[in-house]
Amino acid sequence: MSALWSVGAGLLLLLLWVRHRGLEAVLVHHRWVFVCFFLLPLSILFDIYYQLRAWAVWRLHSAPRQHARRVRHIQQQVREWKKEGSKRYMCTGRPGWLTVSLRVGKYKKTHKNIMINLMDVLEVDSERQVVRVEPLVSMGQLTAHLNPMGWTIPVVPELDDLTVGGLIMGTGIESSSHIYGLFQHTCVAYELVLADGSVVRCSPTENSDLFYAVPWSCGTLGFLVAAEIKMIPAKKYVKIHYKPVRGLQKICEKFAEESKKKENSFVEGLMYSLDEAVIMTGVLTDEAEQSKINRIGNYYKPWFFKHVEKYLKADRTGVEYIPSRHYYHRHTRSIFWELQDIIPFGNNPVFRYLFGWMVPPKISLLKLTQGEAIRKLYEQHHVVQDMLVPMKSLEKSIQTFHVDLNVYPIWLCPFILPNNPGMVHPKGNETELYVDIGAYGEPKSKQFEARASMRQMEKFVRSVHGFQMLYADCYMTREEFWDMFDGSLYHKLREQMNCKDAFPEVYDKICKAARH
């Protein structure tokens, strides 16, 4: 009872302090208070609810039975929109704050919201090695479902809350992408509800134009209701090699060399300054040296990027065996390294042991509670960007990132980009090796100004025939956007399928120049 009185007294004092300082001042200058005392417990409740729901659906085998009924409900909503005269564009009814993207989508308030309640794994086909899922299935949910069966998917994008629909309509990448490509390249079929209310299935051999046009279209060709994704056999561990490298040229050469080796199941680089990095390579295995097993996903373990930095500081190589699911979600607890700006003491051993089991806070809840002051602060003094550039332009790209942004760590992730039709493909006629350069944090460049600096970055990326991930803030004009992306197939299908009155163009949906 005395413990409860102490907790109650502490909360009362906290509320009085918040009232004295003002809620907005606390949210901006002491955000960790709000996150630790409110968002972390709330995030736990969210996780418990969704885990119990997924368990119940799995036990009752209700997902396949419910799927057809839910799709018919989506069709009914689209047909009602047509009866009303098709006066407004349509979009999904999922609240904007629930998405992992930091962008604030104002179009939800003006468009016709179509409710899509599709969040279940539908079928695991071991013979075809394909899993069929609904679009709101998350990566954490999917790996938790497949791993006990001995399966995984070839590309498991990092954060637990990323959804299949977001990764198809936008894009997704992981350190296995140098073998398998982007998340879209591991999908074998999509099912969509179109602007006329019909349901269509598309694959490389069935409605192939639509299949290749869907990725990166951001829901502007139809509503995704199911996807089929390749599976591969899961193994217990990832044997990971850590290699510190110094000197920008050597870093780029080593990273390109390892990225071309198909015997590497995983390749990843973390740059801690312009000329210091750790290159990591991994292979899947069922055997492990017990003394070298590192369960990095346990709540009390150091954040992964801090753990990796130890090899750089000690200037030594290393080998570890990380349980596969821990590896797939190794950056989740620290949201890569974004959480250090929100909870500065989050990697402190005391905090990890006492409260690490509650980390991370849900990105969706961070968005919901950030307020206009924090949103503007982040917009002007914070970057979250992924630029995809050819491997041959890596050194020049990193130098550009350093001058324009000067944000570290930088994430390097290689991927193979096939010459398929659609919005994103190499400039030539052959498959090409690309790399995702991820910059997340507060720019240290003295001349950084959000709009001007990002437009400079976007211009550079276009010049090397690269691409910008569309979850992030985009400042390009319409002409510049379609110079970066190939819109030929996309526009052709929007015309053929009468999408122009049903859905906004992708540029109008995601670019700041169109939204403001």
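Residues numbered from 1 in each chain as written. Predicted model: local features only at pLDDT ≥ 70, side-chain atom pairs only at ≥ 80, totals over all residues. Heavy atoms only, no water.

Caption draft 1: Structural detail: the side chain of Ser177. When you line up the elements, Ser177 lands in helix α7 (residues 177-180). Residue Ser177 is classed as buried on the basis of its relative accessible area, which comes to 0%. Those residues in contact with Ser177 that lie beyond four places of it in its chain are Val155, Leu182, Pro414, Phe415 and Ile416. (Helix = DSSP H or I, 4+ residues; strand = E, 2+ residues; numbered from the N terminus. Buried < 20%, exposed > 50% of the residue type's maximum accessible area, 1.4 Å probe, protein only. Contact = heavy atoms within 4.5 Å.)

Caption draft 2: Representation of helix α16 (residues 394-404) within the structure. Where α16 is concerned, the buried positions are Leu394, Ser397, Ile398, Thr400, Phe401 and Asp404. Seen end-on, α16 carries its buried residues on one side only, within an arc spanning 160°. Considering only its buried residues, α16 is in contact with α9 (248-259), β11 (266-273), β14 (383-390), β15 (410-417), β16 (432-441) and α17 (450-463). With its phi angle positive at about 55°, Asn406 sits one or two positions after the end of α16. (Arc of directions from axis to C-beta.)

Caption draft 3: Broad picture of the sheet that holds β11. Ordered in space as β13-β10-β12-β11-β15-β16-β14-β17, the 8 strands form an open sheet in which the pairing is antiparallel. Every interior strand has two partners, whereas the edge strands, β13 (318-323) and β17 (467-468), have only one. Where strand β10 (residues 237-246) lies against strand β12 (residues 276-285), 10 bridges are found, and the strand directions are antiparallel. Across the sheet, residue Lys243 finds its bridge partner in β12, namely Ile279. Strand contacts of α16: β11, β14, β15 and β16, with the helix running at about 15° to β16, the strand carrying the most contacts. Sitting on the sheet, α17 touches β14 and β17, and the angle it makes with β14 is about 15°. (Pairing = 2+ DSSP bridges. Axes fitted to C-alpha atoms, helices over the stretch in contact; angles between N-to-C directions.)

Caption draft 4: Focus on the nonpolar core. Membership of the largest hydrophobic core comes to 148 residues, with the highest contact counts inside it found for Leu142, Tyr190, Leu192, Leu210, Phe481 and Phe485. Per element, the largest residue contribution to this core is 7 residues, and it comes from β15. Residues contacting Leu192, with those up to four places away along its chain left out, are Met169, Ser198, Val199, Val200, Cys202, Leu210, Val214, Gly222, Phe223, Leu224 and Val225. (Core = buried A, V, L, I, M, F, W, Y, C linked by side-chain atoms within 4.5 Å.)

Caption draft 5: View of the UniProt feature "transmembrane region" (unreviewed entry) in the protein chain. As annotated in UniProt, the feature "transmembrane region" (unreviewed entry) corresponds to residues 32-50 in the numbering used here. Along residues 32-50 the backbone is 100% helical and 0% strand, and the end-to-end C-alpha distance reaches 25 Å. (UniProt positions renumbered as here; feature names shortened; annotations may be inferred.)

Caption draft 6: Highlighting the packing of aromatic side chains. As enumerated under the stated definition, the model contains 26 aromatic pairs in all. The interplanar angle of 20° and the centroid separation of 4.9 Å between the aromatic rings of Tyr190 and Phe211 together place this pair among those described as stacked. On the criterion of sequence distance, the pair formed by Tyr190 in strand β6 (residues 187-193) and Phe211 in helix α8 (residues 208-213) is long-range, its members being 21 residues apart. The same class applies to Tyr190 as to Phe211, namely buried. Geometrically, the ring pair formed by Trp337 and Tyr440 is tilted, given 5.8 Å between the ring centres and 40° between the ring planes. Residue Trp337 is found in the loop between α11 (324-328) and α12 (339-342), and its partner Tyr440 is found in strand β16; the two are separated by 103 residues along the sequence. Tyr440 sits in the buried class, given a relative accessible area of 6%. Three or more aromatic residues joined by ring pairs make a cluster, and in this case those are Trp216, Phe415, Tyr434, Phe467, Phe481, Trp482, Phe485, Tyr490 and Tyr507. Arg330 extends its terminal NZ or CZ atom over the ring of Tyr327, reaching a point 4.1 Å from the ring centre. (Phe/Tyr/Trp six-rings, centres within 6.5 Å; stacked < 30°, edge-to-face > 60°. Lys NZ or Arg CZ within 6 Å of the ring centre and 35° of its normal.)

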